[in-house]
Amino acid sequence: MTRSRAKKSAEKRDPHSRREAKKYTNPIPSREFILEQMAASGVPMAREEIAHQLELTSEEDLEALRRRLNAMERDGQLVRNRKGALCIVNSKDLIAGRVIGHQDGFGFLHPDDGGDDLFLSPRQMRQLLHGDRAVVRVVGQDRRGRMEAAVVEVLERANRQVVGRLYFEQGVGFVVADNKRLHQDIVIPEGDFNGASHGQMVVAEIVTQPTKRNQPIGRIQDVLGEHMAPGMETDVAIRSHQLPLEWPEEVEREIASLGREVDEAAKQGRVDLRALPLVTIDGEDARDFDDAVYCEEKPKGWKLLVCIADVSSYVRPGSALDREARSRGNSVYFPDRVIPMLPEVLSNGLCSLNPEVDRLCLTCELYISRDGTVTRSRFYEAVMRSQARLTYDQVHAMLLEGDPELCGRYSHLLSDLHQLYALYQVLRDTRSELGAIDFDTTETRILFNDEHKVERVVPVHRHDAHRLIEECMLAANVAAARFLLRRKQPALFRNHDGPQAEKLLDLKEFLGEMGLFLGGGDKPKTSDYADLLEQIRGRPDSHLIQTVLLRSLSQAVYSAENQGHFGLSFAAYTHYTSPIRRYPDLIVHRAIKHLSRGGSVEDFDYSPGELQTLGEHCSATERRADEATRDVVSWLKCEYMMDKVGEEFGGIITSVTSFGIFVELEEIYVDGLVHITALDNDYYHFDPVGHRLTGERSGTVYRLGDLVRVQVAAVNLDDRKIDFLLVSAPQAKRGGRRRKQDGAEKSAAAGRGGEKPGGNKRSGSRKGRKRRSDRK
């Protein structure tokens, strides 16, 4: 058989050959087919053996195979044994995953293919840092029954640079990482200090990664400045979490030709919506507008249009701009600035639905009946022209307060807005009937003075105008997910699992002590949670109980397989509405447009495996953004409290642990710890299920939700910690006589996790806050 005939034979057997042919001028068998052939052989294979199995003989094909196998090895799909042969990873013996470090020296490996995390002892973690990717083998169980692993190979180093504080002790320099998950100090040899002084914030480049025997070694690359300099908290978070800040030169070259107006040629062949009174509704400080809505009453209900900026028309797969957006994964919103996923010429320009300018959009058209059922839907490419940039407060004032000035100014839009509000009420009621969970959490925003110091921490008040837009976005996201599933089109879905068995058991024990019951047995439905939330509505401790319910649920993630969204009670859900600031939404747009243009599932740009990798990456960048934002907010709150040491405040117990109680101060929403050694002179027993500390001698009980009065004892800016001293005994925040051993818990971390940045007296660099629906 000739070389070309042999190659064609292999391609014919490869179900993904059409996709490979579309992506490469000289295609070879796909990753999936290579893994399939290796699995069929049942033994490790050398590269030459794989080439023979795939019938590849030419130098060009062999070079392409070499590169592909190296990439598969780099991505953790393959690993070499001691003889140099390649083995498939994520079999029962070898597992690839991402390292999760802990400040106490141990860590975990989160498998790429999901499943339980594997424990890594401090000895194993000596050669690793948080974020590294590694291949491990299971070696048994530790004393706590956790599966324990040993490192086989480090696949990828996540930390090339570390931001932290430089210290000198006995002539030795070292950097203590600001990220506490980086458990090893970076040794700085003499001569590599780059002019940095003791105590300054610096960026250290790691020149030698840690090994089994040696700590990481680095050199000072950049001096950020003094510890308390204004804006230092955000600079540190950006560097510490390795958030991309500058645009690569090739991205700058690609966007250099983009103007401020849409080219006329790009408008051709699209549905023309410029005559419709589409409007954007966002926050006061928003700078980019990626969605516009229009609602029209019909005999049997309403027609709703949700128009989303057509980012995919400007960000093409494989371009430098696309690679950078993919790497960033999402925009990051800090209290004082935004790190965008896309350059400003797109995020604030061509892809921002500014009023009175033509913009390209991808439209979701929904026909919704009077009972809230979507009877028909379609997606199409369009050109639109926003008629107005409205704010939530303006819409609320017009629709619910009848503000005469605003109603007069926007009289030409008022009828459509009332229809939008009528539809919102139907959609809200329909979702409520389905049993969607609606947690009533408090979000805060930080206000700065002219010196960039925190002036106040204030709550964010939401009203029906916020919820109106959220319902429209949810409806469009669900329609997108159903469209993709109906056509069997691979894409990224937003999944949210129900409670795990262990958390569910603890939750039910806790509820039993409160005299409450969660229905659904071992597999409660969303409606069971919603029914319980309705039961506790109006109780003095309802906020505390719902926090425990929230803690029992997992975090939503992106995946190539749809598994439904438990919290929203949707059988299928995806993210479609924010491609300016979320890469998964951009993938969904590409999938929808691929189908709309007559493409097939087989010739889509992404394989299911690639989409799964993308989903894991975007879930990780989302967590990275949340952690970075949380670090900044914690820093700012600590800085805000530094001049309040010795002052007394009222507060509420928001978490109970074995080492003390966390208290959130009333009105200023700052958390701190009352250590167990600072409590009354007694021995205290911690009940993790009942979420309480009970004094052995006195019988005093400290529980979530109890009201206390505390004094600020100390503020540690490096560790983002505030210490309190108890001034008065706890008082139960509930009606009736207080029982000694009931309680609830709200994790302080959960309270801060629900908090999003959004406020600044200066509007210079603010680009607006993410909607609550964006995070679901």
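Refer to the structure printed above.
A brief report on the enclosed structure follows.

**Digging into the nonpolar core**
Working step 1: Core analysis: the biggest nonpolar cluster contains 92 residues, and Ile-281 and Tyr-576 have the highest contact counts within it.
Working step 2: In terms of residue count, helix 15 (residues 464-486) provides more of this core than any other element does, twelve residues in total.
Working step 3: Val-203, Ile-339, Tyr-669 and Leu-679 belong to the second largest nonpolar core, which has 46 residues in total.

**Quick word on unusual backbone geometry**
Working step 1: Even without being a glycine, Glu-356 presents a positive backbone phi close to 65 degrees.
Working step 2: Here Glu-356 lies in the loop between helix 11 (344-350) and strand 19 (358-369).

**As for the packing of aromatic side chains**
Working step 1: Going through the model one piece at a time under the given rule, you end up with 13 aromatic pairs.
Working step 2: Between Phe-168 and Phe-193, the ring centres sit 4.8 Å apart and the planes meet at 90 degrees, which makes this aromatic pair edge-to-face. Linking Phe-168 in strand 8 (residues 161-169) with Phe-193 in the loop between strand 10 (186-188) and strand 11 (201-208), this pair joins segments that are 25 residues apart in sequence.
Working step 3: Phe-168 sits in the partly exposed class, given a relative accessible area of 28%.
Working step 4: Its relative accessible area of 17% is what places Phe-193 among the buried residues.
Working step 5: When the ring of Phe-379 is compared with that of Phe-483, the centres are 5.3 Å apart and the planes differ by 45 degrees; the resulting orientation is tilted. Of this pair, Phe-379 sits in strand 20 (residues 374-385) while Phe-483 sits in helix 15, and the two are 104 residues apart along the sequence.
Working step 6: On the accessibility criterion, Phe-379 (9% relative accessible area) is buried.
Working step 7: Using a relative accessible area of 10% as the deciding quantity, one classes Phe-483 as buried.
Working step 8: The structure contains a cluster of three or more aromatic residues connected by ring pairs, namely Phe-106, Phe-108 and Phe-119.

**Details of helix 3 (residues 31-41)**
Working step 1: Inspection of helix 3 places Phe-33, Ile-34, Gln-37 and Met-38 among the buried residues, and these make up the whole buried set. For helix 3, the buried positions fall inside an angular range of 135 degrees around the axis, keeping them on one side. Residues Ala-39 and Ala-40 are exposed on helix 3 and point more than 90 degrees away from its buried face.
Working step 2: Residue Gly-42 follows helix 3 closely and has a positive phi angle near 80 degrees.

**Let's talk about the pattern of salt bridges**
Working step 1: Evaluated as defined, the whole model comprises 49 salt bridges.
Working step 2: A salt bridge links Lys-267 to Glu-264, with the nearest nitrogen and oxygen atoms 2.8 Å apart. With Lys-267 and Glu-264 both in helix 9 (residues 264-267), this residue pair falls three residues apart, about one helical turn.
Working step 3: Of the residues examined, Lys-267 reaches a relative accessible area of 10% and is grouped as buried.
Working step 4: Here Glu-470 ties to Arg-462 by a salt bridge, and the two come within 2.6 Å at their closest N and O atoms.
Working step 5: In the salt-bridge network here, residues are joined through shared partners; they are Glu-264, Lys-267, Asp-272, Arg-274, Glu-356, Asp-358 and Arg-385.

**Here's the deal with the packing of helix 4 (residues 47-54) against helix 5 (residues 59-74)**
Working step 1: Contact pair helix 4 / helix 5: the axes reach a minimum separation of 11 Å and the direction vectors enclose 120 degrees. Looking at the two axes, helix 4 sits oblique to helix 5. Note on packing geometry: the crossing formed by helix 4 with helix 5 is right-handed. Contacts between helix 4 and helix 5 pair Arg-47, Ile-50, Ala-51 and Leu-54 from the former with Leu-62, Leu-65, Arg-66 and Leu-69 from the latter.
Working step 2: Split by residue class, the contact of helix 4 with helix 5 holds six nonpolar, no polar and two charged.

**Regarding the pairing of strand 15 (residues 291-298)**
Working step 1: Judged from the eight bridges that link them, strand 15 and strand 16 (residues 301-309) form a sheet pairing that is antiparallel. Looking across to strand 16, one finds that Cys-295 is bridged to Leu-304.
Working step 2: Joining the antiparallel neighbours strand 15 and strand 16 is a turn of two residues.

Analysis parameters
- Residue indices follow the written sequence of each chain, beginning from 1 at its first position.
- Local features in a predicted model are, by the rule used here, given only for residues with pLDDT of at least 70; side-chain atom pairs are given and counted only at 80 or more, and totals for whole chains, interfaces and linings are based on all residues.
- Each side-chain value is worked out from all heavy atoms of the structure, with water and hydrogens disregarded.
- Nine residue types can take part in a nonpolar core, namely buried Ala, Val, Leu, Ile, Met, Phe, Trp, Tyr and Cys, and a core is a set of them joined through side-chain atoms within 4.5 Å.
- Remark: exposure states derive from per-residue accessible area (1.4 Å probe, protein chains only) relative to the maximum for the residue type, with buried under 20%, exposed over 50%, and partly exposed in between.
- The helix count covers DSSP runs of H or I at least four residues long, the strand count covers runs of E at least two residues long, and both are numbered beginning at the N terminus.
- In this scheme Phe, Tyr and Trp rings, the latter by its six-membered ring, pair at centre separations within 6.5 Å, and the angle between planes marks the pair as stacked below 30 degrees, edge-to-face above 60, and tilted otherwise.
- The arc refers to the directions leading from the helix axis to the C-beta atoms.
- Each salt bridge in this description consists of a side-chain nitrogen of Lys or Arg and a carboxyl oxygen of Asp or Glu lying within 4 Å of one another.
- Note on definitions: angles span 0 to 180 degrees between N-to-C directions of axes, and those axes are lines fitted to C-alpha atoms, for helices only across the stretch in contact.
- Oblique is the label for any angle not under 35 degrees, not over 145, and not in the 65 to 115 range, which are roughly parallel, roughly antiparallel and roughly perpendicular in turn.
- Each crossing gets its hand from how the near helix is turned against the far one by less than a right angle, where anticlockwise is left-handed and clockwise is right-handed.
- Residue contacts are defined here by distance: any two heavy atoms, one from each residue, within 4.5 Å place the two residues in contact.
- When residues are sorted by character, Ala, Val, Leu, Ile, Met, Phe, Trp, Tyr, Cys and Pro go into the nonpolar class, Asp, Glu, Lys and Arg into the charged class, and all the rest, Gly among them, into the polar class.
- Only when DSSP finds a minimum of two bridges between them are two strands counted as paired.

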